[in-house]
Amino acid sequence: MGTTSTMAGLARIGIYLTGVLTGGLGLAACTTTTIDEFRQGDTGIDIGESIVILGRRQGAAYETREEFVECVGDRIARGNDGITVVPEQIFVDALFPWFEPRTAPMRSEDLQQLMAQPLVTEKMAEFDVRYIVWLDGQTETSNRMGSISCAIGPGGGGCFGFGSWEDDSSFEARIWDVSSHTAVGTISADASGQSYMPAVFVPIPLIARVEANACSSLADQLKLFVLGG
Amino acid sequence: MEQAVRSEFISSGMSSSRRYCRSIVLLLLAMVALNACAARSVIIEGSYPTPNIPPLPMTLGVYYSDAIRDYVYTERTDAGKDEYLVSSGASHIALFNTVLPAMFQQVVVLDDPAMANERGVDAVFIPDIDEFQLGMPQKTRLDSYEVWVKYNMRLTAPDGDYIADWVMTAYGKTAQQSFGSAESGINDAAVAALRDLASNFSISFTNVPDVRDWLQPRLQ
């Protein structure tokens, strides 16, 4: 009887502690995002024209994740002022083999050379692509600290401890105008945030949505840029 | 007496069914143990897009040797035991059967390169796999599956004379998924490598020095 009430008391304290930690850290588990824009030319898009967002995958160290490319595309296409975005895989397959990691144009000057191929021009016209956006970047996790240990016994189980880590997202979008074969600008998004995982009986993840914030900020800025705002 | 016989009969029936159960359990255990020791088979399956390139105005014969048709790479553990058997022959043939008809006006698959003359082809293409390497996350300590393949490509005249012989490499990788199987990781990395081969082959074919020299008078 005495043991049961002590256990119940401990559990209650644990829940209170978790609540306090969650509340406190919830405020701290936020993200800082910085957006930089560099414009090299005028932009604008007509009704019926579309853009394509492609991830750079030439580097040996990392590849721009498909999910991030998709996230930016979905956000740009959303809303009343949404822009038509050609899905990456459909575009890359349709223009095979010109946009593969080994063969994709690296500079806007290469685009001019590529557009000299009649089959490429034909496909570009089919999709009515006005801008090609190259996304390059990744999210890295660093400064992992703390430890959490979990145990289970006949009377129940639980976890105790604390863990934290930092996420840094760094992405760059280079915008090429297909009609003039020139680079019209670059937008970069840097986001960072600290995530926490307190565990008093139950682990509560307080995740800083670093990549999601980088995606939404970059997509919003990119949409404004393409629309000519 | 009758009761004693019946009880003996029941007990013998019980012991035989127990023996039967025991042998089934042993058999199942043996099967599990054997399955744990057996190498896992991965048959590469993927689809490849058609290249957007102008076709060369000629008829190409292609010969797939048994070496490429039945190509199986064996990945071994550090202890030297077979871990994965990666069969990529069918996928390689599917890839070339997609890529070559886009690169040449006509393509003829030959069962024997000696039939080239009677089939009226301008040249015979013979692809082969020289080397296959697999990078597994648990061995490379990277978060991805990697496949690297080295090919030997040969182009001969219909009578078997040398036209060109060159080496090509292909590389593909895929990120390790949290709940994905090793088999699907290997498959995706191999399909990426084959796609890399297709893109590089279709663009660089006419730039191979010996092929270029052979093509020049034919394209004028």
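None of these values were measured; they are calculated from a predicted model. (Residues numbered from 1 in each chain as written. Chains lettered and ligands numbered in written order. Predicted model: local features only at pLDDT ≥ 70, side-chain atom pairs only at ≥ 80, totals over all residues. Heavy atoms only, no water.)

Undergrad: I would appreciate a short explanation of the overall build of chain B in the present structure.
TA: Counting secondary structure elements, chain B contains seven helices and eight strands. Among the 220 residues that make up chain B, the fraction classed as buried is 42%. Here the analysis covers contacts within chain B between residues at least 6 apart in sequence; of these, 71% occur between residues at least 24 apart. (Helix = DSSP H or I, 4+ residues; strand = E, 2+ residues; numbered from the N terminus. Buried < 20%, exposed > 50% of the residue type's maximum accessible area, 1.4 Å probe, protein only. Contact = heavy atoms within 4.5 Å.)

Undergrad: Even after reading the chapter, I still don't get the overall build of chain A, so can you show me in this structure?
TA: For chain A, the count of helices and strands is six helices and six strands. Counting every position in chain A, which comprises 229 residues, the buried fraction comes to 41%. Carbon together with sulfur atoms contributes 56% to the accessible area of chain A, which is approximately 12000 Å² in total. (Areas by Shrake-Rupley, 256 points an atom, 1.4 Å probe, with all protein chains shown as cover.)

Undergrad: Is there a simple way to think about the confidence of the model for chain B in this case?
TA: Detailed reading of predicted coordinates is not advised where the pLDDT is low. Confidence along chain B averages 89 in pLDDT terms, with 88% of residues attaining 70 or more. We note a pTM of 0.81 for the whole complex and an ipTM of 0.79 for its interfaces. (pLDDT = per-residue confidence, 0-100.)

Undergrad: Just checking my understanding: could you explain the sheet that holds strand β2 (residues 56-63) of chain B for this structure?
TA: The strands making up a sheet associate through hydrogen bonds between their backbones, and the pairing can be parallel or antiparallel. Residue and element names in this part refer to chain B. Reading across the sheet, the five strands line up as β5-β2-β6-β7-β8 and stay open at both edges, with mixed pairing between neighbours. At either margin of the open sheet sits one strand with a lone partner, and together these are β5 (104-110) and β8 (162-175). Each strand of the sheet is rotated relative to its neighbour by a mean of 30 degrees, with strand direction disregarded. Looking at chain direction, β2 and strand β6 (residues 123-135) are connected through three bridges and run parallel. Considered in β6, the bridge of Val62 is made with Phe125. (Pairing = 2+ DSSP bridges. Axes fitted to C-alpha atoms, helices over the stretch in contact; angles between N-to-C directions.)

Undergrad: So what exactly am I meant to see when it comes to the side chain of Ser144 of chain B here?
TA: One can find Ser144 of chain B in strand β7 (residues 144-156). Not counting chain neighbours up to four residues away, the residues in contact with Ser144 of chain B comprise Gly135, Met136, Pro137, Lys173, Thr174, Ala175 and Gln176 of chain B.

Undergrad: Explanation requested: the pairing of β7 of chain B in the structure shown.
TA: Successive residues of a regular strand alternate their side chains across the two faces of the sheet. All names here are of chain B. Where burial is concerned, most of β7 is hidden: ten out of the 13 residues are buried. In this structure, β6 lies alongside β7, joined through eleven bridges in antiparallel fashion. Within β7, the residue paired with Glu131 across the bridge is Lys150. Both β7 and β8 contribute to a ladder of 13 bridges, which runs antiparallel. From the neighbouring strand, Tyr151 faces β8, where its bridge partner is Met168.

Undergrad: Would you mind going over the sheet that holds strand β1 (residues 31-39) of chain A with me for this structure?
TA: All names here are of chain A. Spatial strand order, β1-β6-β5-β4-β2-β3: six strands in an open sheet with mixed pairing. Taken across any chain shown, the strands that pair with only one partner, and hence form the sheet edges, are β1 and β3 (84-86). When strand polarity is set aside, the average angle formed by the axes of neighbouring strands in this sheet is 20 degrees. Strand direction decides the pairing type here: strand β5 (residues 156-177) and strand β6 (residues 182-203), joined by 19 bridges, are antiparallel. Directly across from Arg174, in β6, lies its bridge partner Thr186. Along the sheet, helix α2 (residues 66-77) makes contact with β2 (50-55), β3, β4 (129-153) and β5, crossing β2 at roughly 160 degrees.

Undergrad: Would you mind going over the packing of aromatic side chains with me for this structure?
TA: One pair of aromatic rings is described through two measures. These are the centre distance and the angle between the planes. All names here are of chain A. Within the structure shown, the criterion is met by 17 aromatic pairs over all chains. Summarising the aromatic geometry, the rings of Phe68 and Phe171 are spaced 3.6 Å apart at their centres and angled 5 degrees between planes, so their arrangement reads as stacked. Note that Phe68 is positioned in helix α2 and Phe171 in strand β5, a separation of 103 residues in sequence. Phe171 carries the same exposure label as Phe68, and that label is buried. (Phe/Tyr/Trp six-rings, centres within 6.5 Å; stacked < 30°, edge-to-face > 60°.)

Undergrad: So what exactly am I meant to see when it comes to the environment of Val85 of chain A here?
TA: Residues and elements named next belong to chain A. Tracing the sequence through the fold places Val85 in strand β3. Residue Val85 is classed as partly exposed on the basis of its relative accessible area of 21%. C-alpha of Val85 to C-alpha of Ser50: the two residues are 35 residues apart in sequence and 5.6 Å apart in space. With residues near it in sequence (within four places) discarded, Val85 still touches Ile51, Ile53, Gly73, Ile76 and Ala77.

Undergrad: Is there a simple way to think about the nonpolar core in this case?
TA: Nonpolar side chains tend toward joint burial in soluble globular proteins. Judged by nonpolar contacts, the single largest core of 74 residues is most densely connected at Phe99 and Ile132 of chain A together with Leu155 and Trp166 of chain B. Broken down by element, this core gets its largest block of residues, ten residues, from helix α6 (residues 182-204) of chain B. Ignoring any residue separated from it by four or fewer positions in sequence, one finds Phe99 of chain A in contact with Leu54, Phe91, Val92, Ala104, Pro105, Leu114, Met124, Ile132 and Trp134 of chain A. Within the second largest apolar cluster, 27 residues are counted, among which are Ile53, Ala173, Ala191 and Ala214 of chain A. (Core = buried A, V, L, I, M, F, W, Y, C linked by side-chain atoms within 4.5 Å.)

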